[in-house]
Amino acid sequence: NAGVTQTPKFQVLKTGQSMTLQCAQDMNHEYMSWYRQDPGMGLRLIHYSVGAGITDQGEVPNGYNVSRSTTEDFPLRLLSAAPSQTSVYFCASSYSGKGTDTQYFGPGTRLTVL
Amino acid sequence: TQLLEQSPQFLSIQEGENLTVYCNSSSVFSSLQWYRQEPGEGPVLLVTVVTGGEVKKLKRLTFQFGDARKDSSLHITAAQPGDTGLYLCAGVDGNDYKLSFGAGTTVTVRA
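Residues numbered from 1 in each chain as written. Chains lettered and ligands numbered in written order. Predicted model: local features only at pLDDT ≥ 70, side-chain atom pairs only at ≥ 80, totals over all residues. Heavy atoms only, no water.

Q: So what exactly am I meant to see when it comes to the nonpolar core here?
A: When a protein is soluble and globular, its nonpolar side chains tend to lie buried together. Counting residues in hydrophobic clusters, the biggest one holds 21 residues, and the most contacted among them are Leu 19, Leu 32, Trp 34, Phe 63, Leu 74 and Ile 76 of chain B. Taken together, the elements giving at least two residues each to this core come down to strand 3 (19-24), strand 4 (31-37), strand 5 (44-49), strand 7 (61-65), strand 8 (71-76), strand 9 (85-92) and strand 11 (105-110) of chain B. In this view, Leu 32 of chain B contacts Leu 4, Cys 23, Val 47, Thr 48, Val 49, Phe 65, Ser 72, Cys 89, Ala 90 and Gly 91 of chain B; residues no more than four positions away in its chain are not counted. In terms of nonpolar packing, the next biggest core, distinct from the first, is built from 19 residues, Met 32, Ile 46, Val 60 and Ala 81 of chain A among them. (Core = buried A, V, L, I, M, F, W, Y, C linked by side-chain atoms within 4.5 Å. Buried < 20%, exposed > 50% of the residue type's maximum accessible area, 1.4 Å probe, protein only. Helix = DSSP H or I, 4+ residues; strand = E, 2+ residues; numbered from the N terminus. Contact = heavy atoms within 4.5 Å.)

Q: Can you help me understand the pattern of salt bridges in this one?
A: Any two side chains of opposite charge can pair, on the condition that their charged atoms come close. Residues and elements named next belong to chain A. Summed over the entire model, instances satisfying the criterion amount to four salt bridges over all chains. Residue Asp 38 pairs with Arg 36 through a salt bridge whose shortest N-O separation is 2.9 Å. Both residues of the pair, Asp 38 and Arg 36, belong to the buried class. Put simply, Asp 38 and Arg 44 hold a salt bridge, and the shortest N to O gap is 2.8 Å. (Salt bridge = Lys/Arg side-chain N within 4 Å of Asp/Glu carboxyl O.)

Q: Even after reading the chapter, I still don't get the sheet that holds strand 7 of chain B, so can you show me in this structure?
A: Residue and element names in this part refer to chain B. Read across the sheet, five strands follow the order 1-3-8-7-6 without closing on themselves; strand pairing throughout is antiparallel. Strand pairing shows two members of the sheet lacking a second neighbour, strand 1 (5-7) and strand 6 (55-58), which therefore form its edges. Averaged over neighbouring strand pairs, the angle between their axes works out to 15 degrees when direction is ignored. Taken together, the four bridges between strand 6 and strand 7 define a ladder with antiparallel strand orientation. Along strand 7, the bridge assignment pairs Lys 57 with Thr 62. (Pairing = 2+ DSSP bridges. Axes fitted to C-alpha atoms, helices over the stretch in contact; angles between N-to-C directions.)

Q: I keep staring at the interface of chain B and chain A and nothing clicks. Help me out?
A: A common way to express how large an interface is: the accessible area buried when the components associate. Between chain B and chain A, the residue contacts involve 24 residues of the former and 25 residues of the latter. Carbon and sulfur atoms supply 52% of the area buried between chain B and chain A, which totals about 1,800 Å² over both sides. At the boundary of chain B and chain A, one finds zero salt bridges. Seen at the junction of chain B and chain A, the total is seven residue pairs in polar contact (both at pLDDT 80 or more). Elements supplying a minimum of two residues to the side of chain B that touches chain A: strand 4, strand 5 and strand 9 of chain B. Looking at the side of chain B that touches chain A, the element that brings in the most residues is strand 4 of chain B, giving four residues. Here the residues of the side of chain B that touches chain A are counted per class, giving eleven nonpolar, ten polar and three charged. (Buried area = accessible area lost by both parts, 1.4 Å probe. Polar contact = N/O pair within 3.5 Å; in protein donor to acceptor, adjacent residues only side chain to side chain. Nonpolar A, V, L, I, M, F, W, Y, C, P; charged D, E, K, R; others polar.)

Q: It is not clear to me how empty space enclosed by the protein should be interpreted in this structure. Could you clarify?
A: What the rule picks out here adds up to one cavity of 30 Å³ or more. Reported here for the largest cavity is a volume of approximately 40 Å³. Looking at the largest cavity, the residues that line it are Tyr 31, Gly 97, Lys 98, Gly 99, Asp 101 and Gln 103 of chain A together with Gln 33, Val 92, Asp 96, Tyr 97 and Leu 99 of chain B. Across the lining of the largest cavity, the residue classes tally to four nonpolar, four polar and three charged. (1 Å grid on protein atoms, 1.4 Å probe; cavity = no way out; pocket = protein on both sides within 12 Å on 5 of 7 lines; lining within 4 Å. Points joined across faces, edges and corners; volume = space filled by probe spheres on them.)

Q: Quick question: what am I supposed to make of the sheet that holds strand 1 (residues 4-7) of chain A here?
A: To summarise the sheet geometry, strands pair through backbone hydrogen bonds and adopt either a parallel or an antiparallel arrangement. Residues and elements named next belong to chain A. Taken in spatial order, the four strands make up an open sheet running 1-3-8-7, and their pairing is antiparallel. A strand with exactly one partner marks an edge of an open sheet, and here the two such strands are strand 1 and strand 7 (64-66). The average undirected angle you get between the axes of adjacent strands in this sheet is 20 degrees. In terms of strand pairing, strand 3 (residues 19-25) meets strand 8 (residues 76-78) through three bridges, oriented antiparallel. When the sheet's bridge partners are listed, Thr 20 is paired in strand 8 with Arg 77.

Q: I would appreciate a short explanation of the state of the cysteines in the present structure.
A: By definition, a disulfide links the sulfur atoms of two cysteine residues through a covalent bond. All names here are of chain B. Within this structure, the stated rule accounts for two disulfides over all chains. The partner cysteine of Cys 23 in its disulfide is Cys 89, sulfur to sulfur 2.0 Å. Taking the torsion about the S-S bond as the criterion, the Cys 23 to Cys 89 disulfide, at about 75 degrees, is right-handed. Placement of the pair is Cys 23 in strand 3 and Cys 89 in strand 9, with a sequence separation of 66 residues. Residues Cys 23 and Cys 89 agree in their burial class; the two are buried. (Disulfide = S-S within 2.5 Å.)

Given below as structure tokens:
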């Protein structure tokens, strides 16, 4: 099993550009989520999904869109990148999303917006 | 404002010393988890605690969940350089699908 995979690993964007961060898992997990990690802030939840076709907002959803058309994939879209979105982005998955589940994290995407 | 406050923010100790990291909140959590993250990688789960007063041991690591389920601590005995990393606590206080993380404690163990 590859676990949770994320692409790209690094990305540099100009302000106003759009892009999609890819996330895939091969563990047949129902729950998937996106976090951003900034120095001194820990991980903050952007969006999450409890199953294909179902998504909901987390703590910091503004400027990001998600969709979940399959169980395996959960892409994160930046519609118009801003310097404030410079961060490290982590995708995670778990069996059901319950607080006692193990969250499996991908290796992260380091995004810089100029 | 972080739902979960971790202290200290940084900790640097010599190999063989003990250390304790704290995770506190004003909210009651149904469960609490501790993760360790190494540079350039995603966090990896160490433990989940669910019962107030619960103590779990993982080799030299001891985790405790407060009686009121508002706080937790991680104690490392005889720390080794391999324990170096960012330690994060995380919990769910209401919505079972929104896991909140503390800002983390960066632990450095010098050889």
